[in-house]
Amino acid sequence: MSEYRLAEKPALDVLAVLGYGPLAPEAALAMRMEENRVILKPVLMEALQALNGIGLDDAEAIYNDLATLSDNEDWQKKLRGGYSRRLAGRNRDQPIALIDFKVPANNRFHVVRQFRVAAQRPRIADIVLFVNGIPLVVIEAKSPLKATAKAGEAFEQIKQYERDIPRLFASNAFNIVTDGIVTLYGATGASSSFYAPWPDAWPRTRSEFVNDPAKDLWCLAEPSRLLDLLAHFIVFETDPETGRKMKKVCRYQQFRAVNKAVQRVAEGVHRKGLIWHTQGSGKSLTMVFFALKLKTHLTLDAPALDNPNILVLTDRIDLDTQISSTFVACGLPNPKQAGSVTELREAVARGGNGQILLSTIFKFAGSRDPIPNSENWIVLVDECHRTQEKDLGAYLQATLPDARFFGFTGTPIKSTDKDTYARFSIEGEGYLDKYGIDDAVRDGATVSILYEGRKTDWAINEAEIDILFDRWFLDLADDKREQLKRKLTVATIAKHPERVRLIALDIWEHFKQVCAPDGFKAQIVAVDREAVILYRAALATVIAVDLVRSGMDAEAARAKADAMIACAYSKSQEDNKPSEDPDVSALRAELEQHYLDDAAEKEAKKAYKAFGQEPSFLIVCDKLLTGFDAPVEAVMYLDKPLKEHGLLQAIARTNRTCSLKHPDGIEVTKPHGRIVDYIGVTSHLDEALQSYRSEDVENALRDIAILRNDLKEAHARYRSQKRAMGLEGMDEKAAAYAVGKVVTAGREDEWFDLQRLARNFIRVYGDLSPDPVILDFTDEVKWAAAFLRLATQVIAKDESLDHRHYTGKIRDMLEAHLHATGLSTTIRLRSITDPNFADDFATEEKTDAELQEAFVRKSAELRRVTRELVDKNPAQYGRFSERVLEIIRRFEEGQIAAAGGLREFEDLTGCINAEKGAHAELGMDERAFSILRIMEVLAPGTGHDPLQDAAIAIGAVYAGAQASQPAFTFMPEYLRSLRQQVRRILSEHGIGESKGIREAVEEFALHAYVGGH
């Protein structure tokens, strides 16, 4: 009831104020015609007739089309107006409008609570928003008391709904989760890590709303804004490496920036604007959304937007850049790449409306002649500050004198860069829209970047370069020292073999503690190409020696060390030339050996980005310091003097968010990026960034020392709550059961506060490791982690998810602690196939405390077991999951004792094992048997033999598809042919009413028969 009162009811009240007509579940069901359908038919029929001026029969035919449409991207196109149909009495297809985007009042908006959808596993969504009878937004509401888990249960339920009742999500724009305090939204199919808040209510302010939930729902669901989001701010981006599509919805800064810029074009007063969206926050997608709204502008009328021409310019010669590939991957209408100056000028000069051209600023070098009709062009310039170099900006302006120019940048513009401000910014405005470093970190769009200086005697201060030279080259012969000193540079000292060897050793020891346990990777930035080779050799040697020390064969160790390292640098004409100097000759041979051509470099980058593949290290000097996105990169080892734009671009390689899911189900999130500075840049950070406004870069890098204070503060807050609950001096088990009693007594809030504070303490400890300051807190972290895991089992009768998100260092430490304290058998959950699984069922000679502990453990184990089985096939295993929850409920309400509950769990375990082995008794493949169970539920009147034969035949169809076309789930035509085969099999075996069976079987098959064997 608290969920309805504290989360669901307030949301419904806000939605009613926004203009959503409430429909009772019963009234909505009557409009849906059947419980397994989701469209409000009479509402849609009415809207179709009103918006298109058509009759009832045509509206009925359109409804039938839409009722069977299951692809989210197809729905998206049709909702945006890409839908045509042959109408009665017409001899050609006519466009069909499903929504009036320009006049929101011409549409009908409804909200329905407790929206139940029938399926093989029925589900009830808390709140669903409809436009013209079409479900567009699903809202899951949870009690604020559970907000400490950041609505984790709500995410889990959304994922269950998407899996079990996919019809509700076919037309879905996005989902919302809210606990009455925090509101987050995410695209259809997105994991919880991609859900985000919408903090900025632009063009309104927070003060105009009574509370945050009211502001959040206005931002996301106010009718005109929802239609704008639907029309212009959703794309399906194809991953060029996997071929899979990911649906993406804009973030608030993208919505704000695009609408500011589009409004400027529509008004025609100012013809330019400057947008800074910091690196890693989705700048490329901002440009895509901008182009999409300029191109389609479904929600507004403006002469300036009548099918404009758009020119997108990047600052790199290679057209296969992030921005151009993003445009193509997002399926933007007819983008074309202009590969030469002539081609570009011809396309622009043609003046045909509706063009989108992708090119580089370099194509304009030397171009002075203006192109006719340039006023029809809107130019989007990526990394626009770079366009002012070498007069490129002047050539661009001369070629397109009357075009409108919008500059985008991922780094702040220097305060001294007058040209960029003059070219793209109106006087006195600065940025048209700014989304800075702090904004992105606060929102979780990027992670913060911490820096630590290592060994000050390794740093290189240019003012003391002579002293450093004498220190490092003391042992050289006088003539050699003099020869080196004549061409003395920072690089000379940086490449001293002993310095490189010591740093390589330090890098490996640091990497083993910070990156290796969780699978994150690192980049080494060396001073030049020669240094790249020196670091490669030194690091490979260090790794190989360490691997041999751990017991690996020397040859295998060397091969593994080599595989862990890749280098990226440009080729030189000198590389393959002979030399009389043996050192130079050896260096050139190494440069030849480790050079990667374009194809090899592409493969190395692909493998580097992939979790679990080698290489783990990329060593570079100039390449891959800009425009290279590898979220798996957690550390940059910096041994090259960088400053200003180069420094900001380079360090941002580590600021991408990343969650890695390990084979055992453990998921680790990158807490921050790290810069380990060997050259001394960060000791003079103000000097390195002096050309920027201080407010733009003040938190570009944060000293790791800040985390030391954070750890002390997190520990103090956690200990204060622990003392307040009377848990001091208790061991982990006693404390867990004591907190269980606190929750039973109705003091649930105290447990949630302790949970939140303990998690934060453990997280900061893990973030700071391996800093020596953590040693003072190690014992308390061990206690807190074990306590949280056990307390969650005691209170929720479920597995604690906390330990699954800890870093590898914390997990290893926790496992060792559990063994040392004897808690491992209490906490660790066993599989149903474990020989010791049945030990808990022996109730004789156990004390009440031991019986309760056994019941708690069995509850958590069986909840996990049944959840995993239900994920495989809800129709087959759903009843077991429900029975586990029912036994737990009766125990918590005092209807059965622990011993009685254990006896029921023992009986249930036998039933599960019998079901798991039933396919073998029938001589069936396990997946075909799952199909049989689905059919038994949906065709209860059909005999067993025809159902079994049909299930075997259908299983063979999908197994064949898996073997021949591993990506068949993404092939609509191929899926259609599979449906026809299934229909024929069902018909041949006399199984009628097959539509529901076909849909349920396909739903199961799309999960069970995925990829290769």
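Remember, predicted model here, so these are calculated numbers, not experimental data.

Helices and strands together make up the secondary structure of the protein, namely 39 helices and 26 strands. A compact globule built from 1013 residues would reach a C-alpha radius of gyration of about 31 Å, and the protein, at 32 Å, matches this within 12%. Dimensions along the principal axes, computed over C-alpha positions, put the protein at roughly 95 × 85 × 60 Å. Contacts in the protein between residues at least 24 apart in sequence constitute 71% of all its contacts with a sequence separation of at least 6. For the protein, the distance from the average site of its 131 positive side-chain charges to the average site of its 151 negative ones is 3 Å.

As a further point, take the sheet that holds strand 19 (residues 521–525). Reading across the sheet, the seven strands line up as 20-21-19-22-25-18-26 and stay open at both edges, with parallel pairing between neighbours. Every other strand in the sheet has two partners, leaving strand 20 (565–568) and strand 26 (702–703) as the edge strands with one partner each. Direction of pairing for strand 20 relative to strand 21 (residues 617–620): parallel, over a ladder of four bridges. Across the sheet, Ala568 pairs through a bridge with Val620, a residue of strand 21. Sheet strands in contact with helix 19 (residues 497–514) are strand 18 (449–453), strand 19, strand 21, strand 22 (633–638) and strand 25 (673–677), and its direction is about 165° off that of strand 22.

All right, on to helix 3 (residues 41–52) then. The end-to-end C-alpha distance of helix 3 is 16 Å, a good match for the 16 Å that 12 residues give at a rise of 1.5 Å each. All of the buried residues in helix 3 are Lys41, Val43, Leu44, Met45, Ala47 and Leu48. At its buried positions, helix 3 is contacted by helix 2 (25–32), helix 4 (56–67), strand 4 (109–117) and strand 6 (134–141). Gly53, located one to two residues past helix 3, shows a positive phi value of around 60°.

Glancing now at the pattern of salt bridges. If you walk through the whole model with that rule in mind, you get 71 salt bridges. When the shortest N-O distance is used, the salt bridge between Arg442 and Asp439 registers 3.2 Å. With a gap of three residues between them, Arg442 and Asp439 both fall in helix 15 (residues 437–443), about one helical turn apart. Measuring nitrogen to oxygen at the nearest pair gives 3.2 Å for the salt bridge that ties Arg442 to Asp443. Residues participating in the shared-partner salt-bridge network are Lys733, Asp840, Glu853, Arg857, Lys858 and Glu861.

For the pair helix 33 (residues 848–872) and helix 35 (residues 898–921), interaxial distance at closest approach is 10 Å and the crossing angle is 25°. As far as their axial angle goes, helix 35 and helix 33 are roughly parallel. For the element pair helix 33 and helix 35, the recorded crossing hand is left-handed. Facing helix 33, whose interface residues are Leu851, Gln852, Ala854, Phe855, Lys858, Ser859, Leu862, Thr866 and Leu869, helix 35 presents Ala898, Ala899, Gly901, Leu902, Phe905, Thr909, Ile912 and Lys916. Residues of the contact of helix 33 with helix 35, tallied by class, amount to 10 nonpolar, five polar and two charged.

This brings us to the side chain of Lys215. Counting through the fold element by element, Lys215 comes out in helix 7 (residues 212–221). Given the relative accessible area of 5%, Lys215 is considered buried. Looking at Lys215, its side chain comes within polar contact range of the main-chain oxygen of Pro199, at 3.1 Å. Those residues in contact with Lys215 that lie beyond four places of it in its chain are Trp198, Pro199, Ala201, Arg206 and Phe209.

A separate point is helix 22 (residues 582–594). The first and last C-alpha atoms of helix 22 sit 18 Å apart over 13 residues, in line with the 18 Å expected at 1.5 Å per residue. For helix 22, the complete set of buried residues consists of Leu587, Arg588, Leu591 and His594. Axial view of helix 22: buried residues confined to an arc of 145°, hence all on one face. Opposite the buried face of helix 22, by more than 90 degrees, sit the exposed residues Pro582 and Gln593.

We describe a pair of aromatic rings using the distance from one ring centre to the other and the angle between the two ring planes. This structure, assessed with the given rule, holds 28 aromatic pairs. Pairwise contacts between aromatic rings join Phe174, Tyr185, Trp198, Phe233, Phe255 and Phe289 into one cluster. Taking the ring centre of Phe115 as reference, the NZ or CZ of Arg32 above it sits at 4.1 Å. The ring of Trp218 carries the charged tip of Arg204 above its face, separated from the ring centre by 4.9 Å.

Another aspect to go through is the environment of Glu844. By the element assignment, Glu844 lies in the loop between helix 32 (824–827) and helix 33. By relative accessible area, Glu844 is classed as exposed at 61%.

A separate point is the nonpolar core. Ranked by size, the top nonpolar core spans 116 residues in total, and within it Leu98 and Phe174 carry the most contacts. With eight residues, helix 10 (residues 283–296) is the largest single contributor of residues to this core. In contact with Phe174, other than residues within four places in its own chain, are Leu136, Val137, Val138, Tyr185, Gly186, Ala187, Thr188, Leu220, Leu226, Leu229 and Val249. Judged by nonpolar contacts, the second largest core, of 107 residues, contains Leu357, Ile524, Ala538 and Leu638.

Attention now goes to the pairing of strand 15 (residues 377–382). Of all six residues that make up strand 15, six are buried, and the element is covered over most of its length. Across the two faces of strand 15 the burial is the same, with Trp377, Val379 and Val381 and Ile378, Leu380 and Asp382 all buried. When strand 12 (residues 309–314) meets strand 15, the two strands line up parallel, connected through five bridges. Each residue of the ladder has a partner; that of Leu311, found in strand 15, is Val379.

So, on to the sheet that holds strand 12. Taken in spatial order, the seven strands make up an open sheet running 13-14-12-15-16-11-17, and their pairing is parallel. Looking at the sheet topology across the chains shown, the edges are occupied by strand 13 (335–337) and strand 17 (433–435). Sheet twist, expressed as the average angle between the axes of neighbouring strands with direction ignored, equals 20°.

Taking burial as the measure, the six residues of strand 11 (residues 272–277) include five buried ones, the bulk of the element. Relative to strand 16 (residues 404–409), strand 11 runs parallel, the two being bridged by five bridges. Bridge pairing links Lys272 to Phe405 in strand 16. In this sheet, strand 17 lies alongside strand 11 in parallel orientation, the contact comprising three bridges. Its bridge partner being in strand 17, His277 is matched across the sheet by Tyr435.

This paragraph deals with unusual backbone geometry. Cis geometry marks the peptide bond from Trp202 to Pro203, where omega comes out at 5°. With respect to the secondary-structure elements, Pro203 resides in the loop between strand 8 (183–187) and helix 7. Of note, the amide linkage connecting Glu614 to Pro615 takes the cis form, showing an omega dihedral of 15°. Despite not being glycine, Asn132 has its phi angle at roughly 55°, a positive value. With respect to the element layout, Asn132 can be found in the loop between strand 5 (123–131) and strand 6. Backbone geometry at Leu624 places phi at a positive 65°, although glycine is not the residue there. With respect to the element layout, Leu624 can be found in the loop between strand 21 and strand 22.

Right, let's get into the confidence of the model for the protein. Of all residues in the protein, 92% have pLDDT values of 70 or greater, and the mean over the chain is 85. Ignoring residues within four places in sequence, the model shows residues 146–151, a span with pLDDT below 50, making 13 contacts including any to other chains.

Looking at the secondary structure, you find Asp216 in helix 7. Among the polar contacts listed, one links the side chain of Asp216 to the side chain of Lys215, at a separation of 2.8 Å. Apart from the residues lying within four places of it in its own chain, the contact partners of Asp216 are Thr183 and Trp198.

This paragraph deals with the state of the cysteines. Considering all chains together, one arrives at zero disulfides under this definition. Cys658 carries a free sulfur, and the closest cysteine sulfur to it, the one in Cys515, is 11 Å from it.

The subject of this paragraph is the packing of helix 37 (residues 944–964) against helix 38 (residues 972–988). Describing two packed helices takes the angle between their axes plus the distance from one axis to the other. Where helix 37 contacts helix 38, the axes come no closer than 9 Å and their chain directions differ by 160°. The orientation of helix 37 relative to helix 38 falls into the category roughly antiparallel. Taken as a pair, helix 37 and helix 38 cross one another with a handedness that is right-handed. Of the residues in helix 38, those in contact with Ala950, Ala953, Ile954, Val957, Tyr958, Ala961 and Ser964 of helix 37 are Tyr974, Leu978, Gln981, Val982, Ile985 and Leu986. Looking at the contact of helix 37 with helix 38 residue by residue, the classes come out as 11 nonpolar, two polar and no charged.

The next thing to look at is the environment of Leu12. Along the chain, Leu12 falls in helix 1 (residues 2–18). By relative accessible area, Leu12 is classed as buried at 15%. Linking Leu12 and Arg113, residues 101 residues apart in sequence, is a C-alpha distance of 8.2 Å. Filtering out sequence-adjacent residues up to four positions away, Leu12 remains in contact with Tyr4, Val111, Arg113 and Ile127.

Criteria and thresholds
Sequence order as written defines the numbering, with residues in each chain counted from 1. Restriction of local features to residues with pLDDT of at least 70 applies here, the model being predicted, together with a cutoff of 80 or more for giving and counting side-chain atom pairs; totals for whole chains, interfaces and linings are based on all residues. The basis for every side-chain value is the complete set of non-hydrogen atoms in the structure, without hydrogens or water. Only DSSP runs of H or I with at least four residues qualify as helices, and only runs of E with at least two residues qualify as strands; both kinds are numbered from the N terminus onward. When we talk radius of gyration, it's over C-alpha atoms, and the globule rule is simply 2.2 Å times the number of residues to the 0.38. Whether two residues are in contact is decided by their heavy atoms, any of which lying within 4.5 Å being enough. Charge assignment: positive for Lys and Arg, negative for Asp and Glu; neither His nor the chain ends contribute. Lys charges are placed at NZ, Arg charges at CZ, Asp charges at CG and Glu charges at CD. Pairing between two strands requires that DSSP report at least two bridges joining them. For every element, the axis is a line fit to its C-alpha atoms; helices are fit only across the contacting stretch, and the angle between N-to-C directions ranges from 0 to 180 degrees. Expected helix span is given by 1.5 Å per residue-to-residue step, counting one fewer step than there are residues. Think of it in three bands: with a 1.4 Å probe and only protein chains considered, a residue is buried below 20% of the maximum accessible area for its type, exposed above 50%, and partly exposed in between. Here a salt bridge means any side-chain nitrogen of Lys or Arg lying within 4 Å of a carboxyl oxygen belonging to Asp or Glu. The cut-offs work like this: below 35 degrees is roughly parallel, past 145 is roughly antiparallel, 65 to 115 is roughly perpendicular, and the gaps in between are oblique. Handedness of a helix crossing follows the sense of rotation of the near helix relative to the far helix, less than a right angle counterclockwise being left-handed and clockwise being right-handed. Residue type decides the class: Asp, Glu, Lys and Arg count as charged, Ala, Val, Leu, Ile, Met, Phe, Trp, Tyr, Cys and Pro as nonpolar, and the leftover types, Gly among them, as polar. Throughout this description, a polar contact denotes any pair of N or O atoms lying within 3.5 Å of each other; where both atoms belong to protein, one of them has to be capable of donating a hydrogen while the other can accept it, and for residues adjacent in sequence the pair is counted only when both atoms sit in side chains. Note that the arc is defined by the directions from the helix axis to the C-beta atoms. Only the six-membered ring of Trp is used, alongside the rings of Phe and Tyr, when aromatic pairs are assigned; centres must lie within 6.5 Å, and planes under 30 degrees apart are stacked while those over 60 apart are edge-to-face, with the rest tilted. Lysine NZ or arginine CZ positioned within 6 Å of the ring centre and within 35 degrees of the ring normal marks a charge as sitting over the ring. Among buried residues, the Ala, Val, Leu, Ile, Met, Phe, Trp, Tyr and Cys ones that are joined through side-chain atoms within 4.5 Å form a nonpolar core. For every residue, the predictor reports its confidence as pLDDT, a number between 0 and 100. Our working definition of a disulfide is a cysteine sulfur pair at a distance within 2.5 Å.

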